[in-house]
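# Remarks on the overall topology
Given next are the chains, with one letter for each unit.
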Amino acid sequence: MTLAFTKWQGCGNDFVLVDGRGRGLPTNAAALSRCICDRHYGIGADGLIFVLSSSVADFCMRIFNADGSEAEMCGNGIRCFARFVYDEGMTDKENFTVETGAGILVPRIINENGKTLGVEVDMGEPVLEAKHIPVEGFGENRVIAEEIEVLGQKFQATCVSMGNPHCVVFVGDVNDVAIDKVGPAFEQHRWFPKRTNTEFVVIRDRTHLRMRVWERGAAVTLACGTGACASLVAAVLNGRAERNAEVELDGGRLQIAWKENNHIYMTGPAERVFSGVYEEGDQC
Ligand code: ZDP
C-alpha cells in the first residue's frame, strides 16, 4: 500500500498530513503513526493527522501521536491542517469548521496581500473541573497550584484541558528541569488516568511566557499549541499574566488570548515542508 502525504510544521512541532476523505481512517492508523513518525525508519514527525469528512463540520481532524495513541486535539496540528486544506483547495473559505475531540473548532487563515501569514484558531473553552480534564482525587474542583510530588521533587500544578489534558508547572528557569526525566513521570503519575502533557513555564512578565513541554505520547517536542493555551490559562488563574500574552517555545512563538466569551484564540505559523508517497511496510 502507498499513502500520499504532506509534511508540515508549526513552531517546529511537525506532522505528516494525509487526505483521508476518500478512503476514510485506515484501520491500522495507530501502527501507521508509529511507523511514519519514526525519525530513522519512517518519515519522522511528532504526529500523524488525517483530514476526514464530517457530517457536522466542514472537515474532521483525527490525530495520532508518535506512540500510536490518539489525541483529542492538537493546537499546532490544527494550524497545519487548516493551511493544508486551504492550500490544496479542499476549501476556498478562509474561515471554516473542524470537528475534533475538543468539539468543533474554527481556524481562520490570515492572508495579507495574497500571502498567508499564519492561522488563528478559536480553540474553544478551557475545561477546569478536575473530573473532566481528567485529574483524579479532586472531584469537580479546579486544580490550581496544588502540590504534586514527582520523582521526589515537589511542584505546584495547575491543570487544564483544551480537549486534551495538560498539567502546567511554573519554574524559575526552564533549563533547571530535566524534562526528559521528570516529563515521563508526570505523564504516568497516578493523578492522570489518561496520562498528561506537562508544561514547564517561566513568567518573563505579564504578557510574555516561556514554555517547554513534555508531550503525552510523543516526548519533548519543540512546541505544543494546546499546551501554550493551557499555560496562558494557568498563568491567568494564578494571577501571574494578562489574558493576552505571547508564549515563547523552543521552536517559535504563539500569541494566545483568553477572550470575554471564554474562548481561547491561538495565532501562529504553519509551514509546508515537503510532500511524497509513503510505502507501507509489513510492520504496519
Ligand atoms: O494530547 C496529546 O496526546 C498531545 N501529545 C497531542 C499533540 C498536542 C500538540 N503538541 C499541540 O500542539 O497541541 C500537538
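To start, this report covers the structure provided alongside it. (Residues numbered from 1 in each chain as written. Predicted model: local features only at pLDDT ≥ 70, side-chain atom pairs only at ≥ 80, totals over all residues. Heavy atoms only, no water.)

### Observations concerning the packing of aromatic side chains
Each pair of aromatic rings is reported with the distance of its centres and the angle of its planes. As enumerated under the stated definition, the model contains 10 aromatic pairs in all. Here the aromatic rings of Trp8 and Phe84 are separated by 6.5 Å at their centres, their planes lie at 75 degrees, and the arrangement is edge-to-face. Of this pair, Trp8 sits in strand 1 (residues 2-10) while Phe84 sits in helix 2 (residues 75-87), and the two are 76 residues apart along the sequence. Like Phe84, Trp8 is buried. (Phe/Tyr/Trp six-rings, centres within 6.5 Å; stacked < 30°, edge-to-face > 60°. Helix = DSSP H or I, 4+ residues; strand = E, 2+ residues; numbered from the N terminus. Buried < 20%, exposed > 50% of the residue type's maximum accessible area, 1.4 Å probe, protein only.)

### Some words on the side chain of Glu215
If you trace the backbone, Glu215 turns up in strand 13 (residues 208-215). At 2.7 Å, the side chain of Glu215 forms a polar contact with the side chain of Thr221. Contacts of Glu215, omitting those with residues within four sequence positions, involve Asn13, Asn65, Glu187, Asn197, Thr221, Ala223 and Cys224. (Polar contact = N/O pair within 3.5 Å; in protein donor to acceptor, adjacent residues only side chain to side chain. Contact = heavy atoms within 4.5 Å.)

### Regarding the state of the cysteines
Enumeration according to the criterion identifies zero disulfides in this entry. No disulfide involves Cys229; its sulfur sits 8.6 Å from that of Cys224, the nearest cysteine. (Disulfide = S-S within 2.5 Å.)

### Some points on the site of the ligand
In the vicinity of the ligand lie 16 residues, with Cys74, Gly75, Glu215, Gly225 and Thr226 positioned nearest. Here a nitrogen atom of the ligand sits 3.1 Å away from a polar atom, N or O, in the side chain of Asn13. Separating an oxygen atom of the ligand from a side-chain N or O atom of Thr226 is a distance of 2.6 Å. When the ligand is considered free in solution it has 370 Å² of accessible area, and contact with the protein chains removes 99% of it. Taken together, the residues of the shell around the ligand sort by class into six nonpolar, eight polar and two charged. (Near = heavy atom within 4 Å. Areas by Shrake-Rupley, 256 points an atom, 1.4 Å probe, with all protein chains shown as cover. Nonpolar A, V, L, I, M, F, W, Y, C, P; charged D, E, K, R; others polar.)

### Some remarks on helix 3 (residues 179-187)
Residues of helix 3 that are buried: Ile179, Val182, Gly183, Ala185, Phe186 and Glu187. Where the residues of helix 3 are buried, they touch strand 9 (146-150), strand 10 (153-161), strand 11 (165-170), strand 12 (197-205), strand 13 and strand 14 (219-221).

### Points about the nonpolar core
Across soluble globular proteins, nonpolar side chains show a tendency to be buried alongside one another. Met61, Phe81 and Ile256 are the most contacted members of the largest nonpolar core, which totals 56 residues. Ile133, Cys159, Val177 and Ala185 belong to the second-largest nonpolar core, a separate cluster that totals 24 residues. (Core = buried A, V, L, I, M, F, W, Y, C linked by side-chain atoms within 4.5 Å.)

### Details of the pattern of salt bridges
Applying the stated criterion to the full structure yields 22 salt bridges. The residue Arg21 makes a salt bridge to Asp19 at a minimum N-O spacing of 2.9 Å. A residue is classified by how much of its surface remains accessible, and Asp19, at 35% relative accessible area, is partly exposed. Counted as one network, the salt bridges with shared partners bring together Lys7, Asp14, Arg39 and Asp46. (Salt bridge = Lys/Arg side-chain N within 4 Å of Asp/Glu carboxyl O.)

### A short note on the side chain of His166
Of note, His166 is situated in strand 11. Judged by relative accessible area, which is 0%, His166 ranks as buried. A distance of 2.7 Å separates polar atoms of two side chains, one belonging to His166 and the other to Glu199.

### Regarding the pairing of strand 15 (residues 244-249)
Each regular strand displays side chains that alternate between the two surfaces of the sheet. Note that strand 13 and strand 15 share three bridges and pair parallel. When the bridges of strand 15 are listed, Arg210 appears paired with Glu248. Looking at chain direction, strand 15 and strand 16 (residues 252-258) are connected through six bridges and run antiparallel. Opposite Glu246, over in strand 16, you have Gln255 as the bridge partner. Hairpin connection between strand 15 and strand 16: a loop of two residues separates the two successive antiparallel strands. (Pairing = 2+ DSSP bridges.)

### With respect to the environment of Gln9
Considering the arrangement of structural elements, one finds Gln9 in strand 1. Relative accessible area serves as the criterion here: at 24%, Gln9 is assigned to the partly exposed category. Through-space distance from the C-alpha of Gln9 to that of Val273 is 7.1 Å; in sequence the pair is 264 residues apart. At a separation of 3.5 Å, a polar atom in the side chain of Gln9 contacts the main-chain amide nitrogen of Cys11.

### Quick word on helix 2
Over its 13 residues, helix 2 extends 19 Å from the first C-alpha to the last, a length consistent with the 18 Å expected when each residue adds 1.5 Å. Taking burial as the measure, the 13 residues of helix 2 include 12 buried ones, the bulk of the element. Taken as a whole, helix 2 has its buried residues at Gly75, Asn76, Gly77, Ile78, Arg79, Cys80, Phe81, Ala82, Arg83, Phe84, Val85 and Tyr86. (Expected span 1.5 Å × (residues − 1).)

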